[in-house]
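In case you want the letters, here they are:
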Amino acid sequence: MNELPTTSPATDHHAVDDAVAADTTATNRRAQLLSTEHWSLLATRSMSWNEAFSRTSMFLSTLSAATVALALAGPAMSFGSAFPLFALVVLSVTLFLGLATYIRLVQVNNEDLYWVAGMNVIRGAYAELSPGIERKFVTGHSLDPEGMARTFAAVDVTSSVSPWHMLVTTPAVVAVISSAIGGVLAGLLAAQLSMSLEVAIVVGIVVFLLAVVALIAYGRREANRYIHRVMRSRGLDTHPARRSGG
């Protein structure tokens with residue numbers, strides 16, 4: 001005898017409906033988890049920038065206080081031999097705080113790139129869940145240089161950042177101010193070594209310029225190293241020539 005079918009068309013229909021419902025539930029759950037992670041990255045990015053602004057404000061407040069202290073101590077000491085020593089101590093502490101702030105700001109910038117990269121990955125997952133939705137994104141949804149540049153308002157963060165743009169960022173402002181403090185310290189030390197005023201001024205200017213170049217070069221080098229490390233971890237090429245086929 002031929003065996004009778006063990007399932008009916010109605011049973012098959014219900015099984016298909018259950019599979020579709022399960023798939024929809026899994027998709028919704030994945031979208032919810034991605035959305036939660038997205039908001040977590042946004043909150044972390046906000047906390048990083050709040051820290052950057054707080055540290056910058058603390059440095060500038062300390063610098064203002066140091067300037068006021070020098071202005072009050074000078075007349076009180078009749079600008080005698082003790083005043084340069086006092087100025088060296090106060091400015092040294094201020095310079096240390098400036099350098100520490102600059103290094104931390106560079107780290108915050110790199111961390112910000114990491115959070116942005118994470119959000120780009122999540123947007124890419126959104127595009128997989130809902131094909132075509134990427135056309136509605138203002139920011140990027142991939143980790144390639146073009147996607148990252150789109151998130152950073154069309155700035156190619158991997159190779160073509162203008163040096164002039166570097167000078168207007170918060171880390172660069174702190175670097176220039178810290179370099180100026182270093183130049184003043186160098187000039188004071190030169191004067192304490194019985195050098196002429198002209199020589200002391202030249203020493204201060206040279207130290208200032210060298211410090212600006214060194215700090216900005218440090219920031220660019222750390223940023224590029226961080227970018228390449230993140231890209232390599234995702235198997236992406238960051239070399240401009242190879243990206244363009246050259």
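A quick note: this is a predicted structure, and the numbers were derived from the prediction, not measured.

Thresholds applied
- Residues numbered from 1 in each chain as written.
- Predicted model: local features only at pLDDT ≥ 70, side-chain atom pairs only at ≥ 80, totals over all residues.
- Heavy atoms only, no water.
- Helix = DSSP H or I, 4+ residues; strand = E, 2+ residues; numbered from the N terminus.
- Buried < 20%, exposed > 50% of the residue type's maximum accessible area, 1.4 Å probe, protein only.
- Contact = heavy atoms within 4.5 Å.
- Core = buried A, V, L, I, M, F, W, Y, C linked by side-chain atoms within 4.5 Å.
- pLDDT = per-residue confidence, 0-100.
- Axes fitted to C-alpha atoms, helices over the stretch in contact; angles between N-to-C directions.
- Parallel < 35°, antiparallel > 145°, perpendicular 65-115°, else oblique.
- Left-handed = near helix turned anticlockwise from the far one by under 90°.
- Nonpolar A, V, L, I, M, F, W, Y, C, P; charged D, E, K, R; others polar.
- Expected span 1.5 Å × (residues − 1).
- Salt bridge = Lys/Arg side-chain N within 4 Å of Asp/Glu carboxyl O.

Moving on, we get to the environment of Val207. Examined against the element boundaries, Val207 turns out to sit in helix 6 (residues 197-233). Among the residues examined, Val207 registers a relative accessible area of 31% and is labelled partly exposed. Taking the C-alpha atoms as reference points, Val207 and Ser179, 28 residues apart in sequence, are found 7.6 Å from one another. Those residues in contact with Val207, other than ones at most four positions away along the chain, are Gly182, Gly183 and Ala186.

Counting 22 residues, the largest nonpolar core has Phe59, Leu70, Leu91, Tyr102, Val174, Ile181 and Leu185 as the members making the most contacts within it. At the level of elements, helix 1 (9-76), helix 2 (82-129) and helix 5 (170-192) are the ones that each hand at least two residues to this core. Per element, the largest residue contribution to this core is 11 residues, and it comes from helix 2. Beyond its immediate sequence surroundings of up to four residues, Ile181 is in contact with Phe59, Leu63, Leu91, Thr94 and Leu95. Ranked by size, the runner-up nonpolar core spans 16 residues in total, among them Ala117, Met119, Phe137 and Tyr226.

The phi dihedral of Phe79 is positive, around 50 degrees, even though this residue is not glycine. Here Phe79 is to be found in the loop between helix 1 and helix 2. Owing to a relative accessible area of 55%, Phe79 belongs among the exposed residues under this scheme. In this structure, Ser194 is a non-glycine residue whose phi angle is positive, near 70 degrees. Of note, Ser194 is situated in the loop between helix 5 and helix 6. Residue class for Ser194 comes out exposed when judged on its relative accessible area of 69%.

On to the confidence of the model for the chain, then. When pLDDT is averaged along the chain, the result is 80; 78% of the residues meet or exceed 70. Here helix 7 (residues 240-243) stands out as the element of the chain with the lowest mean pLDDT, 38, in contrast to helix 5, whose mean of 93 is the highest. Scored below 50 in pLDDT, residues 239-246 makes nine contacts in the model with residues more than four places away or belonging to other chains.

Within the fold, Phe86 resides in helix 2. Considered as a pair, Phe86 and Gly74 are 12 residues apart in the sequence and their alpha carbons are 9.3 Å apart. What Phe86 contacts, discounting residues up to four positions off in sequence, is Ala69, Leu70, Ala73 and Met77.

Let's shift gears to the packing of helix 2 against helix 5. Where helix 2 contacts helix 5, the two axes come as close as 9 Å, and the packing angle between them is 155 degrees. Judged on the interaxial angle alone, helix 5 and helix 2 are roughly antiparallel. In terms of crossing hand, the pair formed by helix 2 and helix 5 is left-handed. Residue composition of the contact of helix 2 with helix 5, grouped by class: 17 nonpolar, nine polar and no charged.

Turning our eyes to something else, we now look at helix 5. Taking 1.5 Å of rise per residue, 23 residues should cover 33 Å, and helix 5 covers 33 Å from first to last C-alpha, within 8% of that figure. Of the residues flanking the end of helix 5, it is Ser194, one or two places downstream, whose phi is positive at about 70 degrees.

The subject of this paragraph is the pattern of salt bridges. Within the structure shown, the criterion is met by six salt bridges. Three or more residues joined by partner-sharing salt bridges are found here, namely Glu51, Arg104 and Glu111.

Moving on: the side chain of Asn120. Locating Asn120 in the fold gives a position in helix 2. Judged by relative accessible area, Asn120 falls into the buried class, the value being 0%.

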